[in-house]
There are 2 protein chains.
Amino acid sequence: MKIIVDNIERETTCGEELRAMRDCLEILGGKWKLMILRYLNNRQHQDIHFKKLEREIDGMSAKMLSKQLKELETNLLITRTVTDDNQLMVFYAITEYGKSVTPLTENLVEWGIKHRKKIIEG
Amino acid sequence: MKIIVDNIERETTCGEELRAMRDCLEILGGKWKLMILRYLNNRQHQDIHFKKLEREIDGMSAKMLSKQLKELETNLLITRTVTDDNQLMVFYAITEYGKSVTPLTENLVEWGIKHRKKIIEG
DNA sequence: CGGAATCCGGCCCGATACTG
DNA sequence: CAGTATCGGGCCGGATTCCG
């Protein structure tokens, strides 16, 4: 929700294309979103709950995890499912729409790898 | 330079693909880089100096402009040319390599536009 | 003109403690 | 277990000032 508001405020100062790019960068950017998305994408058949994510994604605090998950859910990239038989559990999973983001990043990955070589080798 | 060091430090915690994506996000991300790149890309035949950029890109301070330009130059996306006949002037221009970034972003623009519609319309 | 230096508010984000 | 509340350090980034 916040993301959308932020970007609508920007509409006066930049064109549609630039705004769209910034939407993408906000959704993919940040410290953890890509890592979470990759983690969930590689474990579609497993039940992943909050604590499991917190434990297995190196160095991320519960606070940040919660925040990132909320933003990913707002953008329809993951689902949040609460169960409470005996013990409260909340499961997260990547959506079909979320999976559609992955191929989008392949060009970027390719460019990023070449770029690193270019910069390092001069 | 800073960017490269930052990313090399990350190598232990993430794979090559994730690192490449983060390289991209750092290079394209931030508040102003895309706008500067677009501005220079659309004015390849003109002489663009520092003050002109500061004046014409809405709301950006000299400090940020300087910082962004330095990072773009480090990444070989723009050139910096100093002249001093009578009055000091520094001209900036997009490189061929810099131009190669533009098509890279087209998928993102397309996705960003569709995504905005999807989120707003539900 | 093209910056660098300084000051400073704000938010990002980690650590810790607490709630349901 | 799944978060939220609070505190606090650090860095991002704006405003202003100064220098060559």
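Above this note sits the structure.
I will try to describe carefully the structure that is included in this document. The structure displayed is predicted, hence computed values, not measured ones. (Residues numbered from 1 in each chain as written. Chains lettered and ligands numbered in written order. Predicted model: local features only at pLDDT ≥ 70, side-chain atom pairs only at ≥ 80, totals over all residues. Heavy atoms only, no water.)

We now examine the pairing of strand E3 (residues 89–94) of chain B. Sheet topology note: the strand E1 (residues 48–49) of chain B/E3(B) ladder contains 2 bridges and is antiparallel. Of the residues in E3(B), the one forming a bridge with B:Ile48 is B:Tyr92. (Pairing = 2+ DSSP bridges. Helix = DSSP H or I, 4+ residues; strand = E, 2+ residues; numbered from the N terminus.)

Positive phi is not limited to glycine here, since A:Leu76 has a value of about 65°. Its place among the elements puts A:Leu76 in the loop between helix H5 (62–74) and strand E2 (78–83). Unusually for a residue other than glycine, B:Asn86 sits at a positive phi of about 80°. Judged by its relative accessible area of 80%, B:Asn86 falls in the exposed class. (Buried < 20%, exposed > 50% of the residue type's maximum accessible area, 1.4 Å probe, protein only.)

Let's shift gears to helix H2 (residues 16–28) of chain A. All names here are of chain A. Here H2 spans 18 Å end to end across 13 residues, near enough to the 18 Å set by a 1.5 Å rise per residue. Along H2, 10 of the 13 residues are buried, which leaves the element largely enclosed by surrounding structure. When we look at burial in H2, the residues that qualify are Leu18, Arg19, Ala20, Met21, Arg22, Asp23, Cys24, Leu25, Ile27 and Leu28. (Expected span 1.5 Å × (residues − 1).)

Surrounding DNA strand C, one finds 20 residues, the nearest of these being A:Lys63, A:Met64, B:Lys51, B:Arg80 and B:Tyr92. The sugar-phosphate share of atoms of DNA strand C within 4 Å of the protein amounts to 70%. Within the side chain of A:Lys31, a nitrogen or oxygen atom sits 3.5 Å from a phosphate oxygen of DNA strand C. Listed by contribution, the elements that provide at least two residues to the surface near DNA strand C are H5 of chain A together with helix H4 (50–56), helix H5 (62–74) and E3 of chain B. (Near = heavy atom within 4 Å. Polar contact = N/O pair within 3.5 Å; in protein donor to acceptor, adjacent residues only side chain to side chain.)

Let us now look at the environment of A:His45. Looking at the secondary structure, you find A:His45 in the loop between helix H3 (33–41) and strand E1 (48–49). Placed 30 residues apart in sequence, A:His45 and A:Asn75 show a C-alpha to C-alpha distance of 22 Å.

By way of backbone hydrogen bonds, the strands of a sheet pair with one another, either parallel or antiparallel. Overall, antiparallel pairing links the 3 strands, which are arranged E1-E3-E2 (chain A) in an open sheet. The two strands at the open ends of the sheet, each matched to only one other strand, are E1 and E2 of chain A.

Next up on the list: the interface of chain A and chain B. Taken together, the contact pairs 42 residues of chain A with 43 residues of chain B. Carbon and sulfur atoms make up 71% of the area that chain A and chain B hide from each other, which totals about 4300 Å². Sorting the residues of chain A by area buried against chain B places A:Leu108, A:Trp111 and A:Arg116 first, and these three jointly supply 17% of that buried surface. The interface formed by chain A and chain B holds 4 salt bridges in total. With 12 residues, the top contributor of residues to the side of chain A that touches chain B is H2(A). Across the side of chain A that touches chain B, the residue classes break down as 21 nonpolar, 10 polar and 11 charged. (Contact = heavy atoms within 4.5 Å. Buried area = accessible area lost by both parts, 1.4 Å probe. Salt bridge = Lys/Arg side-chain N within 4 Å of Asp/Glu carboxyl O. Nonpolar A, V, L, I, M, F, W, Y, C, P; charged D, E, K, R; others polar.)

Our focus in this paragraph is the protein's contact with DNA strand D. The local shell around DNA strand D holds 19 residues, among which A:Lys51, A:Arg80, A:Tyr92, B:Lys63 and B:Met64 are the closest. The share of sugar and phosphate among atoms of DNA strand D within 4 Å of the protein is 71%. Residue A:Lys51 places a main-chain N or O atom 2.6 Å away from a phosphate oxygen belonging to DNA strand D. The contact in question runs from a sugar or linking oxygen of DNA strand D to an N or O atom on the side chain of A:Gln87, over 3.3 Å. In the surface near DNA strand D, the residues fall into 7 nonpolar, 4 polar and 8 charged.

Interpretation note: all reported values are geometric properties and have no functional meaning in isolation.
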